Amino acid sequence: MAEDTAYDGPILEIDKLSISFFTRLREIPAVMDFSANVMPGEALGLVGESGCGKSTVALGVMQDLGVNGKIVGGTIKFKGRDLSEMSPEELRDIRGSQIAMIYQEPMASLNPAMKIGKQLAEVPVIHEGISEEEAMKRARQVVEDVKLPDPDRILKAYPHQLSGGQQQRIVIAMALMSKPSLLILDEPTTALDVTVEAAIVELVKDLGKKYGTSMLFISHNLGLVLETCDRICVMYSGEAVERGSIEDVFDEMKHPYTQALFRSIPLPGADKNASPLIAIPGNFPLPHERPNGCNFGPRCDYFEAGRCDAGPISMAQVEGNDRHATRCLRFQEIDWSAPPTLADKKEKGVIGDTVLKVDNLKKYYEVAANSMFGGADKKVVKANETISFEARESETLAIVGESGCGKSTLAKVLMGLETATEGQVMLDNLSIESTEIQDRDTRTVSSIQMVFQNPFDTLNPSMTVGRQIIRALEIFKIGNTEAERRVRMLELLDLVKLPREFADRMPRQLSGGQKQRVGIARAFAGGARIVVADEPVSALDVSVQAAVTDLLMEIQRNEKTTLLFISHDLSIVRYLSDRVMVMYLGHVVELGSTDQVFSPPYHPYTEALLSAVPIADTSVEKKHIVLEGDIPSAMNPPSGCPFQTRCRWKSEVPGNLCETEVPPQRKMAAGHEIKCHLADDILAQMDPVIKIAAE
Amino acid sequence: MDPITWTGSLGPFLNPLMLAAIAVFVLGFFAQLVLNFAGVQPGEVQINPDHTLSVARSPNDYALMAMKYAVLLFLACVAVFIVGGIVQPSLEQKGIIGAMGQRFLPVWIAMILIFALSVTFKRRLGLYGKLFDSPIGMVGFFLVMFWMLTAIFAGLVATHGAIDVVSQMRNEVPGSFMPDPDEGEYLVYLLGGDNLGRDVFSRMVFGAREVLKIAPAATLFAFMVGITLGLPAGYFGGKLDTVLTFIANLVLAFPVILLFYLLVTPEIVASGIPTYMAAVLFLFPIIFFVILFNSRFFTQPFTRNIYIFLTVLIGGWLYLGLAWNSDPLGIISMPGNILIVFVSVVFVNSPTVFRIVRGIVLDIKTRDYVAAGQTRGEGPWYIMLWEILPNARGPLIVDFCLRIGYTTILLGTLGFFGLGVSPESPDWGSTINEGRRLLTIYPHPALPPAIALMTMVLGLNLLADGLREESLRD
Ligand SMILES: Nc1ncnc2c1ncn2[C@@H]1O[C@H](COP(=O)(O)OP(=O)(O)O)[C@@H](O)[C@H]1O
Ligand code: SF4
Ligand code: SF4
Ligand SMILES: [Mg+2]
């Protein structure tokens, strides 16, 4: 290995790489003319929408493209040696010991039937031939390095006994066992909660520094890349369109796609009425339907016919910046500082009367220890604890919190899929908390509707889009004949801006964003007054997110709908909601207007949540608060304050009040409530988490 | 007169060819085996700079190619025999293979039509159309269709009646001439005669009809029962699920053959138990369709009433005829012994279907479109039958194919034990059983039904494989 350590050129050199997949019908070029370098200790971020070829690049580096994937051009050099010229044995050795890959789904990399310790020790035993005992020692060391509590217990556990965040840490530990020089992370935190994500990102950064590992970090989240990487490469439809250092690309972008991407994500300070998000028009081209010339041409604001669609475009250096290149013919002519041409400014809807009032709502589930012969010892899961709030006409109330905090349960109670254990839910003046959905009248049911999270299963795959909307109309007793309902269905498609031909399509012929629009049309079929949107855009690509969010806002303005927006993405919450409710372990810990919640004083949990959100803006300074440990189980909640196991302010409260007493709901200002024991003067000392640096 | 030969006048030319094909196949097989052991890799697909593909062939590929062409040559020879059988005038010239090929003429015509239509329109035919992308699926479909069409055209294909006895033809070898044929009667027993002097070929052909009359229908009934119970068990869960699953396991734990023996015991038949079981089991399809239409159309009472009225009318009529043998019009009836077979097949198959359906429901009920149905206030049966069931069709169709195969074997087994169908019946199981006794001296009466049963079950399995493979692909 002596020659390896002596090597000081780039760790990874990708030069004009092209990768295609071959199917029965055609060749699908997934990556074209892709070049990138990763220097020792450097982290390169690879961003782009799903399907643009990010993962294919990673698999190409791993030389693991499956049976129908082939590198059709270019080279990949690892430490100066061309990977395609290596023998299978050499490759296997490099893959195991020098390049490690971490996937989105931790369980995909773990063997469910093997104890963690054994899985970790296996790596060096195979690749370096060290003794089992020594390997076990090293395993314990890396488990400590990835900051897992109680390493000895973890080593003896099976993967399913760990939480998602812990599993991902183990996968990282496994990758580190062989001390790789290159770590490839493919959306490593997409499946995790923000606070867990923040902790993992922190960990990856530290480890990169500690071991000097180079990283290829793949993500669709610009904010995350800003936080983790030194350099960035933006991909669009199989090509790298812009690459350079983080500062250059974020602040002096030189490609229209990068610009459009930044304009479609909400940044702190953006307001939904004054500066609405600008969605990228049109759709991502399918690999075999790419236009001539610039791939981004059909969606580009600066498109110039006869020039942009003339022929292949190559990367051009941006003078004056370090290794900054862009694939745009007109980058020198475009005025990059020109403000976006705004769509007409929207009038903010007038917030009306209270339509929904929730008072002291409790929802407990009884879980029998043994379901067959239930009875003996039952456990109570407190999914919702004393929740009180109001929602008004035309208002957007955001409900934020990590998974398992009781957001979905609350939605279920509102919808009537579950009945409340205690407390009241009033729709107008009708109390509905204990009326199951079958017993509600059609008007009540159609008044509260839901938009679901996962676009891939929000629609029934075996029924046409039109049929599904018509069914909702039938159930809501709208229209007297089939023909009337069909007309109304077409109007609903217009409402969500889908072409009318879509009525006869099957869901699988629609893209994720289009399916989500159908889901919205279906929710509004009966003239819903309250729409519960459960993470409606979190599974969509950023450019599509903006369009779907705007659609929701627009319908809300016209129909005066009350929107309960469930989300964990605080940037979008800040952008579109009027009021925010923060939940933790079934409790509402903070409730107030968006400004009140996003500025101090905070509830300690809100503070941590805010600091965990990655923000794609180099001028933003953020306080780093990493939450230790995992969210406790609702089956076995901590005594006293639900947040006391992870709270960094706990020591400021005299005595052991936090551990013994559930804090009261305190009024901080008009409409702002916090559930915490902290004294007023300490709360007043809190600094803002997010600061926009003065220019 | 000497019996006619297998290959007739074309034999002298084609037999050496077919032998050669077999030899090449065997050689290729061993060559490939040896090459693989020697570490010779199959050739790699290479990409040329102009983005075209080419294959660098290795000896391994040549061995595989040789095997492939040998199979094609063999099939081509068979095809020539069949065509020869159709065009040549005399039985001696046709040979046994040719003559059989000619008898199957209606089957060939229908088959060519079906394949031509299906392949032409395969892009518009959904999952069924995709079957024609998979060679395995096509072979399976061919085998299954072959026996289906044979069953349909049995009257045209068969040379004699299923129970016509000509005592001189007892145990005669394939191709034997009839002693003194009547005017217009077929001159030979193509596959010989059995120990009572009946024509083996015709019994095999009529056997297909016998088997295909019962197996798919019984399987369909088993599916109705399994689905009607599996949906609520999976969807509602809880006590209902626990009880139904327990019962299903109980039935599954019961030895099938013992159950059949019990069901055909005269005392039990006399006590009416099979009829009562039929009465219960046959009620499920009616319940199934009534719920199906009601949940879908309850918002349009008029349409709903029409559907339900028709279901109850037609279903009730079939029900009275099949289960109680008391069709007021006297058209529908089912002989007692077939009823027993039917009941037993449904009884032993539905628990497995139940478990499959329950499992799929447990998975699909967590999908958002199910939640969307719930939040707009749909009833549970609409969600089960219209939101969940259509999306479970993939695995269910595959299982349906496999299960027809099991049922066919089960019917064969029953026939083999002399249970169920009447002793005269030409169904394959019974025929194999009869032939068994003289198997060592006269193998020809037992082999054709055995091969028929084998190819049919093989076809169903391949078909299921093809469907499964293609349904996963998109
Ligand atoms: N049907 C149920 N039975 C038992 N516990 C449940 C049930 N549904 C939800 N829970 C529990 O309630 C808590 C809140 O869950 P949920 O509302 O789904 O959270 P979120 O929407 O924030 O992900 C979790 O601990 C979850 O395990
Ligand atoms: S080359 Fe033309 S179409 Fe492409 S990004 Fe630049 S300006 Fe837009
Ligand atoms: S009550 Fe105590 S533990 Fe809970 S959030 Fe406030 S300071 Fe932290
Ligand atoms: Mg949830």
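A brief structural summary. None of these values were measured; they are calculated from a predicted model. (Residues numbered from 1 in each chain as written. Chains lettered and ligands numbered in written order. Predicted model: local features only at pLDDT ≥ 70, side-chain atom pairs only at ≥ 80, totals over all residues. Heavy atoms only, no water.)

Side note on the overall build of chain A
Working step 1: The helix and strand tally for chain A stands at 22 helices and 26 strands.
Working step 2: Taken over C-alpha atoms, the radius of gyration comes to 27 Å for chain A, in line with the 26 Å a tight globule of 695 residues would show.
Working step 3: C-alpha atoms of chain A, sized along the principal axes, occupy 75 × 65 × 55 Å.
Working step 4: Once local pairs closer than 6 in sequence are excluded, the contacts in chain A between residues at least 24 apart make up 67%.
Working step 5: For chain A, the exposed area adds up to about 29,100 Å²; of that, 50% sits on carbon and sulfur atoms.
Working step 6: Averaging the positions of the 75 positive and the 97 negative side-chain charges in chain A gives two centres separated by 4 Å. (Helix = DSSP H or I, 4+ residues; strand = E, 2+ residues; numbered from the N terminus. Rg over C-alpha atoms; globule rule 2.2 N^0.38 Å. Contact = heavy atoms within 4.5 Å. Areas by Shrake-Rupley, 256 points an atom, 1.4 Å probe, with all protein chains shown as cover. Lys, Arg positive; Asp, Glu negative; His and termini not counted. Charge placed at Lys NZ, Arg CZ, Asp CG, Glu CD.)

Some points on the site of ligand 2
Working step 1: In the vicinity of ligand 2, the residues found are A:His255, A:Pro256, A:Cys294, A:Gly297, A:Cys300, A:Tyr302, A:Phe303, A:Cys308, A:Ile313, A:Cys328, A:Leu329 and A:Arg330.
Working step 2: Here the shell around ligand 2 is composed, by residue class, of nine nonpolar, two polar and one charged. (Near = heavy atom within 4 Å. Nonpolar A, V, L, I, M, F, W, Y, C, P; charged D, E, K, R; others polar.)

Some remarks on the site of ligand 3
Working step 1: Close contacts around ligand 3 come from A:His603, A:Pro604, A:Cys641, A:Phe643, A:Gln644, A:Cys647, A:Val653, A:Cys658, A:Pro663, A:Cys676, A:His677 and A:Leu678, and that covers them all.
Working step 2: By residue class, the composition of the shell around ligand 3 is nine nonpolar, three polar and no charged.

Regarding the packing of aromatic side chains
Working step 1: Under the definition given, this model contains 32 aromatic pairs over all chains.
Working step 2: Taking 4.5 Å as the distance between ring centres and 55° as the angle between the ring planes, the aromatic pair formed by A:Tyr584 and A:Tyr605 counts as tilted. Within this pair, whereas A:Tyr584 is found in strand E21 (residues 579-584), its partner A:Tyr605 is found in helix H20 (residues 604-612), the two being separated by 21 residues in sequence. You'll find A:Tyr584 and A:Tyr605 in the same group, each marked buried.
Working step 3: A network of ring pairs unites the aromatic residues B:Phe104, B:Trp108, B:Phe115, B:Tyr128, B:Phe132, B:Phe141, B:Phe142, B:Phe146, B:Trp147, B:Phe201 and B:Trp428 as a single cluster.
Working step 4: The positively charged end of A:Lys363 is found above the aromatic ring belonging to A:Tyr365, 5.1 Å away from the centroid.
Working step 5: Of note, B:Arg296 hangs over the ring of B:Trp386, and the distance from its end group to the ring centre comes to 5.7 Å. (Phe/Tyr/Trp six-rings, centres within 6.5 Å; stacked < 30°, edge-to-face > 60°. Buried < 20%, exposed > 50% of the residue type's maximum accessible area, 1.4 Å probe, protein only. Lys NZ or Arg CZ within 6 Å of the ring centre and 35° of its normal.)

What to know about the environment of B:Gly226
Working step 1: In this structure, B:Gly226 sits in helix H8 (residues 200-236).
Working step 2: With 22 residues separating them in the primary sequence, B:Gly226 and B:Ala248 have C-alpha atoms 9.6 Å apart.

So, the sheet that holds strand E15 (residues 396-400) of chain A
All names here are of chain A.
Working step 1: In space, the eight strands of this open sheet follow the order E18-E19-E20-E15-E21-E22-E25-E24, with mixed pairing throughout. Across the chains shown, the open sheet's two edge strands, defined by having one partner strand only, are strand E18 (448-451) and strand E24 (665-669). Across the sheet, the mean angle from the axis of one strand to that of its neighbour is 20°, orientation sign disregarded.
Working step 2: Note that E15 and strand E20 (residues 562-567) share five bridges and pair parallel. (Pairing = 2+ DSSP bridges. Axes fitted to C-alpha atoms, helices over the stretch in contact; angles between N-to-C directions.)

A word on a negative patch on the surface
Residue and element names in this part refer to chain A.
Working step 1: Judged by side-chain charge, Asp230, Glu247, Asp251 and Glu252 come together as a negatively charged surface patch.
Working step 2: Looking at where Glu252 falls in the secondary structure, it is placed in the loop between helix H10 (246-251) and helix H11 (256-263).
Working step 3: By relative accessible area, which is 37% here, Glu252 ends up partly exposed. (Patch = residues over 30% accessible without salt bridge, like charges linked within 9 Å, V, L, I, M, F, W, Y side chains within 5 Å. Salt bridge = Lys/Arg side-chain N within 4 Å of Asp/Glu carboxyl O.)

So, the side chain of A:Arg440
All names here are of chain A.
Working step 1: Following the sequence through the fold, Arg440 ends up in the loop between strand E17 (430-431) and helix H13 (442-447).
Working step 2: The side chain of Arg440 is buried and forms no salt bridge, while Glu433, the nearest opposite charge, is found at 7.9 Å.
Working step 3: A distance of 3.2 Å separates a polar atom in the side chain of Arg440 from the backbone oxygen of Met415.
Working step 4: Not counting residues within four places of it along the chain, the set of residues in contact with Arg440 comprises Val413, Leu414, Met415, Gly416, Ile432, Thr435, Val445 and Ile448. (Polar contact = N/O pair within 3.5 Å; in protein donor to acceptor, adjacent residues only side chain to side chain.)

Considerations on the interface of chain B and chain A
Working step 1: Counting residues at the interface gives 31 residues for chain B, matched by 33 residues for chain A.
Working step 2: Of the roughly 2,600 Å² buried where chain B meets chain A, counting both sides, 54% is carbon and sulfur surface.
Working step 3: In this assembly, chain B and chain A are joined by three salt bridges.
Working step 4: A:Glu474 is the partner of B:Arg296 in a salt bridge, and the nearest nitrogen-oxygen pair spans 3.7 Å.
Working step 5: Looking at the side of chain B that touches chain A, the elements with two or more residues in it are strand E1 (45-47), helix H13 (283-297), helix H16 (368-375) and helix H17 (380-388) of chain B.
Working step 6: In terms of residue class, the side of chain B that touches chain A is made up of eleven nonpolar, nine polar and eleven charged. (Buried area = accessible area lost by both parts, 1.4 Å probe.)

Some points on the sheet that holds strand E2 (residues 27-38) of chain A
All names here are of chain A.
Working step 1: Across the sheet, four strands lie side by side as E2-E1-E4-E5; this open sheet has antiparallel pairing. Where the open sheet ends on each side, the last strands, each with one partner, are E2 and strand E5 (81-82).
Working step 2: Direction of pairing for strand E4 (residues 69-78) relative to E5: antiparallel, over a ladder of two bridges. Across the sheet, the residue bridging to Lys77 is Asp82, located in E5.
Working step 3: Sitting on the sheet, helix H2 (residues 54-61) touches strand E1 (12-22), E2 and E4, and the angle it makes with E1 is about 110°.

Focus on the packing of H13(B) against H17(B)
Residues and elements named next belong to chain B.
Working step 1: At their nearest, the axes of H13 and H17 sit 9 Å apart, and the two run at 105° to each other. With respect to their mutual orientation, H13 and H17 come out roughly perpendicular. When H13 is examined against H17, the residues Phe288, Ile291, Leu292, Ser295 and Arg296 are found in contact with a partner set consisting of Trp381, Tyr382, Leu385 and Trp386.
Working step 2: Residue composition of the contact of H13 with H17, by class: seven nonpolar, one polar and one charged. (Parallel < 35°, antiparallel > 145°, perpendicular 65-115°, else oblique.)

Notes on the environment of B:Ile332
Residue and element names in this part refer to chain B.
Working step 1: Topologically, Ile332 is positioned in the loop between helix H14 (301-324) and helix H15 (336-364).
Working step 2: Spatially, the C-alpha atom of Ile332 lies 27 Å from that of Tyr261, the residues being 71 residues apart in sequence.
Working step 3: In this view, Ile332 contacts Trp317, Leu318, Gly321, Leu322 and Asp327; residues no more than four positions away in its chain are not counted.

Thoughts on the pairing of strand E22 (residues 587-593) of chain A
Residue and element names in this part refer to chain A.
Working step 1: Among the seven residues of E22, six are classified as buried, and the element is accordingly described as predominantly covered.
Working step 2: Note that E21 and E22 share six bridges and pair antiparallel. When the sheet's bridge partners are listed, Arg579 is paired in E22 with Ser593.
Working step 3: Counting the residues between successive antiparallel strands, the hairpin from E21 to E22 contains two residues, one of them, Leu585, with a positive phi of roughly 50°.
Working step 4: As judged from the two bridges shared by E22 and strand E25 (residues 672-675), these two strands associate in the antiparallel manner.

A few points about the nonpolar core
One recurring pattern in soluble globular proteins: nonpolar side chains tend to sit buried together.
Working step 1: By size, the foremost hydrophobic cluster in this structure holds 84 residues, and its most contacted members are B:Phe104, B:Trp147, B:Phe201, B:Phe282 and B:Trp428.
Working step 2: A per-element tally of this core places H8(B) first, with 13 residues.
Working step 3: Residues contacting B:Phe104, with those up to four places away along its chain left out, are B:Phe146, B:Thr150, B:Val157, B:Phe201 and B:Val205.
Working step 4: Judged by nonpolar contacts, the second largest core, of 80 residues, contains A:Ala398, A:Tyr602, A:Ile615 and A:Cys676. (Core = buried A, V, L, I, M, F, W, Y, C linked by side-chain atoms within 4.5 Å.)

Describing the pattern of salt bridges
Working step 1: Under the definition given, this model contains 51 salt bridges over all chains.
Working step 2: Here A:Asp150 and A:Arg153 are joined by a salt bridge, their closest N and O atoms 3.5 Å apart.
Working step 3: The class for A:Asp150 is partly exposed, based on a relative accessible area of 42%.
Working step 4: For A:Arg153, a relative accessible area of 47% translates into the label partly exposed.
Working step 5: Notably, a salt bridge pairs A:Glu333 with A:Arg307, separated by 2.5 Å at the nearest N-O pair. Taken as a pair, A:Glu333 in the loop between strand E12 (325-326) and strand E13 (354-368) and A:Arg307 in the loop between H11 and strand E11 (316-317) lie far apart in primary sequence, 26 residues in all.
Working step 6: Sharing partners across several salt bridges, the network here consists of A:Arg467, A:Arg471, A:Glu474, A:Glu482, A:Arg485, B:Arg296, B:Arg376, B:Glu378 and B:Glu387.

What about the side chain of A:Ser18?
All names here are of chain A.
Working step 1: Secondary-structure assignment places Ser18 in strand E1.
Working step 2: The exposure class of Ser18 is buried, given its relative accessible area of 16%.
Working step 3: With residues near it in sequence (within four places) discarded, Ser18 still touches Val31, Met32, Asp33, Lys70, Ile71, Val72 and Gly73.

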